[in-house]
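Per-entry structural report
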Amino acid sequence: MMAPWEKAVLFLLITVLGGQAVIVNAVPYDYSATTECLGEPLKPQYGGGIIVNPAFDESLDGWGSYDTAHVIHKVSKSGNMFSAARERSAPHHSISQKVMLEKDTHYILSAWLQVDEGTTDVKAIVMTPSGFVAAGAVEAKASCWSMLKGGFTAHTSGPAELYFESTNSTSEIWVDNVSLQPFNHEEWRCHHDDTVRQERKMMVHIKAVDAKGKPVPGANVSVTPIRQGFPFGNAINGAILKSPEYQKWFADRFTHTTFENEMKWYGTEFTEGHEDYSVADNMLIFAKKNNVQVRGHNVFWNDPDSQMSWVNKLNNEQLQQAMTKRIKSVVSRYKGQVIHWDVNNENVHFNFFEKRLGPDASTKIYQAVHQIDPNVILFLNDFNTLEEPGDPNGTPDKFLKKFNEIKAGLPASAKMGIGLESHFKKPNLPYMRTVLDKMASAGVPIWLTEVDVGGTDAASAQDLEQILREGYAHPAVKGIVMWASWTPKGCYRMCLTDNNFKNHPVGDTVDKLIKEWKTHALGTTSKVGTFQTQLTHGDYEVKVNHLSGNLSTVHRITIDSMSHPELKVQIRH
């Protein structure tokens, strides 16, 4: 069964040109993606887009060799036609196609890859007028087809060349069903608007009746947001406990948070045997007081450079004992008080515990956490999967491979989630969207957990806005937390505010989006006592009073994807 966002819809986009409204047909976005390795590749998305001969039905027409690879046309036993690049002597020796790019246009790339033996990473590279761009990567295998889905934005117009490369230059690269689909910025925004309308909003019908159940026409209705429904937050650290001004600034804006270091192992037991949870406990008190939900971060960190010196000195048996103590201590302490745990942080890139205790070390950690707190959502949290298409160690396929390994070792009752850290240099929005498409195939909640950009100025604010909008608009994303934890000495990469709690441009962007993601509504009931409005998900106060002033009522409602769209309110004298 297709998810709602996978259905093809013809969007109508209205733009204003010279004061006149023009209706433009926008190509619908295809959110489908898979990590399954298939016996036969699926058809090219968008019919191939601007790619000539995408399924190789016309032999190698439109295709050529990048550098000196020998490219041939092949036909499988089932009759499927594809290309193969063989006799390769360098990573970039492969099949290619030349295309024309348009400036300020987003391009979505998809292709099906296979190799003749073993398993190897294959990247899609585009040689553009402004340089080489990594558009995506996939782990290609022999005997089945893997889907690469990625993208890039063209910043200049002109000729370009798409090709595929692999560091294993002895293997053949097989390519089939390639697509390169352009979207202009108006179409891209149209996709956003449509998904936000479907996934983040609901049309609500309010009917006012009197004590006898009769409709009340002409009643004033006001709908005021109390709390945003979409989880949106920012990291904090212990500095917030010493600043009432920052506490107010933070609590006025955010519904969720992550403690930067205060729950980590080195934040609670830097010296062996001396546990101190006082800072984390007080931060949790602040969060509860202000109705801010907390993501637990983290039980362990798999980075070898992040271990305390005393941990490195333990033998394997002692390490296992110390880990068991740590899990019991921190997970039991905050059971029922955190909504997520980043269980063994960054265990796609790093393997400290696997090297010490064996390849199933991460799975055993997840099992132990679940046993103590079976209701918390267990996250696999890592970097560069969303933000860096050129990182061979953080591809969506490698992330999901690790995710599925851990999931297979847990009971069916265990709840898991995907955390994408999102430390961006320069956002690649098409790639970001396609990664989320692929990650959505896991069927679990996806959060952007540590969003930041490398600055606070207007250009950084523009980058941040694009990232947040892209995350908010994707149907698989269930929450966003930024990594902009304030201290008087500065922040990790991005501060939203200065030390006088006056916003930087990035902070102004955050405030703008928070305001936009809430809904206010005013109006009067119709002749049949009804009022209709579209509300973003969240908690609202609904006030209804008749013009005479003799009838009024106040209700609090919650709007989410499970809400009933009709609300009947009784107004009394």
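Identification of the protein chain as GH10 domain-containing protein from Rhynchospora pubera is taken from an unreviewed UniProt entry. Under the UniProt heading Sequence similarities (unreviewed entry), the note attached to the protein chain is "Belongs to the glycosyl hydrolase 10 (cellulase F) family."

Examining the packing of helix 11 (residues 458-473) against helix 12 (residues 505-516)
Relative orientation of the contacting elements helix 11 and helix 12 amounts to 30°, with a least axis distance of 8 Å. As far as their axial angle goes, helix 12 and helix 11 are roughly parallel. The two elements helix 11 and helix 12 cross, and the hand of that crossing is right-handed. Within the contact between the two elements, helix 11 uses Ala458, Ser460, Ala461, Leu464, Glu465, Leu468 and Arg469 and helix 12 uses Pro505, Val506, Thr509, Val510, Lys512, Leu513 and Glu516.

Structural notes on the state of the cysteines
Enumeration over the complete set of coordinates arrives at 2 disulfides. Residue Cys37 pairs covalently with Cys144 via a disulfide, S to S 1.9 Å. Between Cys37 and Cys144 the sulfur-sulfur dihedral comes to about 95°; the bridge is accordingly right-handed. Here the residue Cys37 occupies a position in the loop between strand 2 (20-26) and strand 3 (64-66), and Cys144 occupies one in the loop between strand 9 (131-141) and strand 10 (146-154), the gap between them amounting to 107 residues.

Let's talk about the sheet that holds strand 13 (residues 201-209)
An order of 24-13-27 is seen for the 3 strands of this open sheet, with the pairing classed as mixed. Strands with a single pairing partner mark the edges of an open sheet, and in this sheet they are strand 24 (530-536) and strand 27 (566-570). Averaged over all adjacent pairs, the angle separating strand axes in this sheet is 30°, with direction ignored. Bridging between strand 13 and strand 24 involves 7 bridges; their strand directions are antiparallel.

What about the UniProt feature "domain: GH10" (unreviewed entry) in the protein chain?
Residues annotated by UniProt as "domain: GH10" (unreviewed entry) correspond here to residues 220-513. Helix makes up 38% of residues 220-513 and strand 18%, with an end-to-end C-alpha separation of 28 Å.

Details of the packing of aromatic side chains
Scanning the entire structure with this criterion turns up 30 aromatic pairs. Both rings, one in Tyr29 and one in Phe183, keep their centres 6.1 Å apart while their planes meet at 55°; by these two values the pair is tilted. Of this pair, Tyr29 sits in the loop between strand 2 and strand 3 while Phe183 sits in strand 12 (residues 173-183); the two residues are 154 residues apart in sequence, bridging distant segments of the chain. Residue classification places Tyr29 among the buried residues on the basis of a relative accessible area of 5%. Through pairs of rings, three or more aromatic residues link up here, namely Phe230, Phe232, Tyr246, Trp249, Phe250, Phe254, Phe286, Tyr472, Trp486, Phe501 and Trp517. Positioned above the aromatic ring of Tyr472 is the side chain of Arg200, whose terminal nitrogen or guanidinium carbon lies 5.4 Å from the ring centre. Here the basic side chain of Arg433 rests over the ring of Trp188, its NZ or CZ set 3.5 Å away from the ring centre.

Comments concerning the layout of surface pockets
The volume enclosed by the largest pocket comes to roughly 910 Å³. Lining the largest pocket are 36 residues; nearest its centre among them are His106, Trp188, His192, Leu429 and Gln466. Elements with a contribution of two residues or more to the lining of the largest pocket: strand 9, strand 10, helix 1 (185-199), helix 11 and strand 24. Classifying every residue of the lining of the largest pocket by side-chain character gives 12 nonpolar, 12 polar and 12 charged. Reported here for the second largest pocket is a volume of approximately 540 Å³.

A short note on empty space enclosed by the protein
Throughout the structure, instances matching the rule amount to 2 cavities of 30 Å³ or more. Here the second largest cavity defines a volume of roughly 60 Å³. Every residue along the wall of the second largest cavity is listed here: Lys264, Trp265, Tyr266, Asn298, Phe300, Trp301, Ser306, Gln307, Met308 and Phe353. Secondary structure elements with two or more residues in the lining of the second largest cavity: helix 3 (265-268) and strand 17 (293-301). Residue contributions to the lining of the second largest cavity peak at 3 residues, all from strand 17. Across the lining of the second largest cavity, the residue classes tally to 6 nonpolar, 3 polar and 1 charged.

Regarding helix 6 (residues 316-333)
Here helix 6 contains 18 residues, and its C-alpha end-to-end distance of 26 Å stays within 8% of the 26 Å for a straight helix at 1.5 Å per residue. All of the buried residues in helix 6 are Leu319, Ala322, Met323, Arg326, Ile327, Ser329, Val330 and Val331. Structurally, the start of helix 6 carries an N-cap: the backbone nitrogen of Glu317 is 3.1 Å from a side-chain oxygen of Asn315.

Considerations on the pattern of salt bridges
Taken as a whole and judged by the stated rule, the model has 21 salt bridges. Asp539 is the partner of Arg556 in a salt bridge, and the nearest nitrogen-oxygen pair spans 3.6 Å. Of this pair, Arg556 sits in strand 26 (residues 552-559) while Asp539 sits in strand 25 (residues 538-546), and the two are 17 residues apart along the sequence. Looking at Arg556, the relative accessible area reads 58%, which means it is exposed.

A short note on the sheet that holds strand 3
Sheets are built from strands paired through backbone hydrogen bonds, the pairs being either parallel or antiparallel. If you walk across this open sheet you meet the 5 strands as 3-6-11-8-9, and the pairing is antiparallel. At either end of the open sheet lies a strand with only one pairing partner, and these are strand 3 and strand 9. Across the sheet, the mean angle separating the axes of adjacent strands is 35° when strand polarity is ignored. Running at roughly 35° to strand 9, helix 9 (residues 396-408) makes contact with strand 8 (119-128) and strand 9 of the sheet.

Topic: the nonpolar core
Trp341 and Ile418 are the most contacted members of the largest nonpolar core, which totals 95 residues. Listed in part, the 30 residues of the second largest apolar core include Trp63, Ala124, Ala135 and Ala160.

Examining the environment of Met439
With respect to the helices, strands and loops of the structure, Met439 is situated in helix 10 (residues 429-439). When the C-alpha positions of Met439 and Thr195 are compared, they lie 17 Å apart, and in sequence the two are 244 residues distant.

Notes on the side chain of Thr519
Position of Thr519 relative to the elements: it lies in the loop between helix 12 and strand 23 (521-524). Beyond its immediate stretch of four places on either side in the chain, Thr519 contacts Val223, Pro225, Gln534, Leu535, Thr536 and Tyr540.

What counts and how
Residues numbered from 1 in each chain as written. Predicted model: local features only at pLDDT ≥ 70, side-chain atom pairs only at ≥ 80, totals over all residues. Heavy atoms only, no water. UniProt positions renumbered as here; feature names shortened; annotations may be inferred. Axes fitted to C-alpha atoms, helices over the stretch in contact; angles between N-to-C directions. Helix = DSSP H or I, 4+ residues; strand = E, 2+ residues; numbered from the N terminus. Parallel < 35°, antiparallel > 145°, perpendicular 65-115°, else oblique. Left-handed = near helix turned anticlockwise from the far one by under 90°. Contact = heavy atoms within 4.5 Å. Disulfide = S-S within 2.5 Å. Pairing = 2+ DSSP bridges. Phe/Tyr/Trp six-rings, centres within 6.5 Å; stacked < 30°, edge-to-face > 60°. Buried < 20%, exposed > 50% of the residue type's maximum accessible area, 1.4 Å probe, protein only. Lys NZ or Arg CZ within 6 Å of the ring centre and 35° of its normal. 1 Å grid on protein atoms, 1.4 Å probe; cavity = no way out; pocket = protein on both sides within 12 Å on 5 of 7 lines; lining within 4 Å. Points joined across faces, edges and corners; volume = space filled by probe spheres on them. Nonpolar A, V, L, I, M, F, W, Y, C, P; charged D, E, K, R; others polar. Expected span 1.5 Å × (residues − 1). Polar contact = N/O pair within 3.5 Å; in protein donor to acceptor, adjacent residues only side chain to side chain. Salt bridge = Lys/Arg side-chain N within 4 Å of Asp/Glu carboxyl O. Core = buried A, V, L, I, M, F, W, Y, C linked by side-chain atoms within 4.5 Å.

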